[in-house]
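Chain by chain, the residues run as shown.
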Amino acid sequence: MLKLKFRFTSNHKDGFNPSGVLDSIFIDLTSRCNFNCRYCFNTDCVQADTLDLPISAIIKMLLDNDSLKISNWILSGGEPLLYPHLDEALSLFKQNNIRPKIATNGTLLTSDVADKWVSFGVAAVQFSINTLNENKFAELSNSAPVLLHKVIANLSYAIKLPIRIVVDSVLTKINLKDIFELMPFLYNLGVDSYTVYLYTPGTDLTEMKHYMIDFKDMPYIIDDLINLYLQTCDTRVIDTNLFPIVGTPIYEKWKNKLDLRIHGCSAGQNSLSIKANGKVSPCVCQGAKEFICGDITVSNLSKI
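Residues numbered from 1 in each chain as written. Predicted model: local features only at pLDDT ≥ 70, side-chain atom pairs only at ≥ 80, totals over all residues. Heavy atoms only, no water.

## Here's the deal with the nonpolar core
Among the nonpolar cores identified, the biggest contains 85 residues, and F6, I27, I58, W117 and F127 are the most heavily contacted of them. Counting residues per element, this core draws most heavily on helix α8 (residues 218-232), which supplies 8 residues. (Core = buried A, V, L, I, M, F, W, Y, C linked by side-chain atoms within 4.5 Å. Buried < 20%, exposed > 50% of the residue type's maximum accessible area, 1.4 Å probe, protein only. Helix = DSSP H or I, 4+ residues; strand = E, 2+ residues; numbered from the N terminus.)

What follows is the structure in structure tokens.
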């Protein structure tokens, strides 16, 4: 996943541990989802039989000695709000003094749920929003256009709570122009950071081939996004895994005008991904058998 994370506030920065230090666990709680996004890299899981990670697997992870070393627990799916054991899981995290981050499409995160998440100690919520246009929203998510209003309303409420709120977008030809409208909109709304995924494994899906941004156009898009960010925000901190950018004209142009923090892929270096079926992969995007390095339902985190 190639990304640019634009920081709107200076109160939080991602930390980067040395390679070989497990720091982050991504947990797909469920394969259930109320969207069927064109670009979803988890599409094989979402469209297969319904899978819910056993609550016993979460308990096993939290009791593992290595869990004490992990500072980032990211809960996703599918749509985590459709996970039948979500409240129980969040209660377990709270009992272990862990404040997870939850990634959601935002449609089900009503005010009462958001308030409850604050009481559970959720540290951050990541909303996925690709456009402010109803028709494009429906085209990308394969859902009803009216749901976009729910997402924006839920986002607007959550921002007022004592919880870090971030937003991400997946870049396609459908929403390329919309990204440039979203950034100032989200900044003015009060979002903590905005991540643009320039490329994800889901972008390679057959049905996405007509919507994928051509790689030769990426440098111009990156340049325009950085320029817009500097016009929009005074924080001037960008986290990115675009390590090949070092030494390029874009890097030379911007390196002295902002804090451009570049890091490599964390898969198998600092992070692991637990799939809804309990399988473990070093990569949050890959559940193919070649990537599977264990099964949390039959083994434990330390051994894996």
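Following the structure, the description resumes.
## Comments concerning the pattern of salt bridges
All told, the structure shown has 10 salt bridges when counted by the stated rule. One salt bridge in this structure joins R7 and D239, with 2.8 Å as the shortest N-O distance. Taken together, the residues span a long stretch of sequence, with R7 in strand β1 (residues 2-7) and D239 in strand β8 (residues 237-240) at a distance of 232 residues. The exposure class assigned to R7 is buried, which follows from its relative accessible area of 1%. Residue R261 is joined to D239 by a salt bridge in which the shortest nitrogen-to-oxygen separation is 2.5 Å. With R261 in strand β9 (residues 259-262) and D239 in strand β8, this pair connects stretches of sequence that are 22 residues apart. The structure contains a network of salt bridges with shared partners spanning R7, D239 and R261. (Salt bridge = Lys/Arg side-chain N within 4 Å of Asp/Glu carboxyl O.)

## A closer look at the sheet that holds strand β3 (residues 72-76)
Taken in spatial order, the 12 strands of this open sheet run β9-β8-β1-β7-β6-β5-β4-β3-β2-β10-β11-β12, and their pairing is mixed. The open sheet has two free edges, formed respectively by β9 and β12 (294-295), since each of these has just one partner strand. In terms of strand pairing, strand β2 (residues 24-28) meets β3 through 5 bridges, oriented parallel. Residue pairing in the sheet places I25 in a bridge with W73 of β3. (Pairing = 2+ DSSP bridges.)

By themselves, these figures tell us nothing about what the structure is for.
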